[in-house]
Amino acid sequence: MDKYEDLVPLINNKLNVNYGSIGKRSSEYLSRGGFPYGINEAEFNFVKDQIIEHGLRSGFDFATGIGMSVLAMGMGMQATGGTAMSIDCYAEEVFQDLQPKLSVRKVRGGGIKQQEINQQLLELFNLQDIVTLYNGWSPQDCGPMMESVEYIDVVFLDGPKNAASFLETLSYLKPKLADKYLMLVHDTHCFKSDFIHLVRTELNAEAEFKLGTKYPLGVINALN
Ligand SMILES: C[S@@+](CC[C@H](N)C(=O)[O-])C[C@H]1O[C@@H](n2cnc3c(N)ncnc32)[C@H](O)[C@@H]1O
């Protein structure tokens, strides 16, 4: 089982979940492809294949959402012998809030149902000992969460959608980044020029854009 298109029928048949009942966003996912996707097939395969190709072993995924990016990361780690962690406050799923406001940011413990479904998804692929899911907020819960790992060498970001939240994310990530790492950033079209600038100034690297023209995946390849 290694391609996204094979995953969809398997998940739909084995995981007894009515994604349409979870909330507005999942219904939208459903109407777009018959399956609730957070990332597309090319991105899914890219995350997994890059981890395997470069032998990466410690992953951070922000945010879990409906679990697709961390599923890809977990499958990669299954091959390399690594582990991954993923965090979400489930603001989109629970509060229907795409960019959680400060008032919402105080609420804790939402999204337990979605997290349980994500946990079942991981168990379906025998990834429960490889991936750890956290229910919490970036940035405040991420520092403590990262104390359990020595370093991070692969990052998938699908939480930050503007310069401020990307910068906030880098503030706790930078101290943990390995000398060689790969950082993938979803939805960079939301803040593309700021993204290019911040990658230069904060990471001393050059951003590349892959896998499409409308919503290209931002790639920071610091593996060499
Ligand atoms: C586009 S979805 C992630 C989709 C996911 N990558 C997948 O493959 O299913 C974005 C998620 O970011 C979460 N999020 C946004 N801001 C957050 C924050 N400050 N802390 C924690 N989670 C956040 C939302 O609740 C939402 O679930």
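The structure presented is a predicted model; accordingly, all values stated were derived computationally and were not measured.

Novice: What am I meant to see in the site of the ligand here?
Specialist: What surrounds the ligand is a group of 20 residues, the closest being Gly38, Ala63, Gly65, Met68 and Asp158. Sorting the residues of the shell around the ligand by element identifies α4 (68-80), β2 (83-88) and α5 (91-95) as the ones contributing at least two each. Here the residues of the shell around the ligand sort into 10 nonpolar, six polar and four charged.

Novice: Explain the nonpolar core to me, please; I cannot follow it from the model alone.
Specialist: Most often, soluble globular proteins have nonpolar side chains that are buried together. By size, the foremost hydrophobic cluster in this structure holds 47 residues, and its most contacted members are Met73, Val155 and Leu184. Here the element with the most residues in this core is α4; it accounts for seven residues. Among residues more than four places away in sequence, those in contact with Val155 are Phe60, Leu173, Tyr181, Met183 and Leu184.

Novice: Looking at this model, I keep getting lost on helix α7 (residues 112-124). Mind explaining?
Specialist: Each turn of an α-helix holds 3.6 residues, which means side chains three or four residues apart point in the same direction. The terminal C-alpha atoms of α7, which comprises 13 residues, lie 18 Å apart, in line with the 18 Å expected from a rise of 1.5 Å per residue. Looking at α7, one finds that the buried residues are Gln114, Gln115, Asn118, Leu121 and Leu122. Looking down the long axis of α7, one finds its buried residues gathered within 110° of arc, a one-sided arrangement. Within α7, the exposed residues directed more than 90 degrees away from the buried face are Ile112, Glu116 and Glu123. Once α7 ends, the next one or two residues include Asn126, with phi positive near 60°.

About the criteria used
- Residues numbered from 1 in each chain as written.
- Predicted model: local features only at pLDDT ≥ 70, side-chain atom pairs only at ≥ 80, totals over all residues.
- Near = placed C-beta within 6 Å.
- Helix = DSSP H or I, 4+ residues; strand = E, 2+ residues; numbered from the N terminus.
- Nonpolar A, V, L, I, M, F, W, Y, C, P; charged D, E, K, R; others polar.
- Core = buried A, V, L, I, M, F, W, Y, C linked by C-beta atoms within 7 Å.
- Buried ≥ 20, exposed ≤ 12 C-beta atoms within 10 Å, placed from the backbone.
- Contact = placed C-beta atoms within 7 Å.
- Expected span 1.5 Å × (residues − 1).
- Arc of directions from axis to C-beta.

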